[in-house]
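Coordinate inspection notes
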Amino acid sequence: MKAIDFNGLCFFQQMEMVLKGTRLAKRDAGRYYIYLYNVCEFYVEVFYDAGTDIIKHMKAFSGTRQLAPYIEEIVIS
């Protein structure tokens, strides 16, 4: 599966895949906090509403350019 395929899945299918992935980092972004996961061969950002703690949406990507906001948070051991 590729990131574009993930983005086309329904919310519950996306969530099922994310739960099988590896959480890499978290960042705050205004009214959201965003968790970064590694899933299959791509990355997924899960956007939580900071006020309600409810997932608002998820976005998958495969390039490394979008990892820039997480560089200091990602732990490689």
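Since this is a predicted model, take the numbers as computed values, not measurements.

Rules of the game
- Residues numbered from 1 in each chain as written.
- Predicted model: local features only at pLDDT ≥ 70, side-chain atom pairs only at ≥ 80, totals over all residues.
- Heavy atoms only, no water.
- Buried < 20%, exposed > 50% of the residue type's maximum accessible area, 1.4 Å probe, protein only.
- Helix = DSSP H or I, 4+ residues; strand = E, 2+ residues; numbered from the N terminus.
- Pairing = 2+ DSSP bridges.

Thoughts on the pairing of strand β3 (residues 42-49)
Of all 8 residues in β3, 8 are buried; the element is thus mostly enclosed. By the alternation rule, side chains of β3 split into F42, V44, V46 and Y48 and Y43, E45, F47 and D49, which are all buried. Both strand β2 (residues 32-39) and β3 contribute to a ladder of 8 bridges, which runs antiparallel. By the bridge assignment, Y32 is partnered in β3 with D49. The antiparallel pairing of β2 with β3 creates a hairpin that spans 2 residues between the two strands, and C40 there sits at a positive phi of about 55°. Connecting β3 to the next strand, strand β4 (residues 55-61), in antiparallel fashion are 5 residues, including D53 with a positive phi near 65°.

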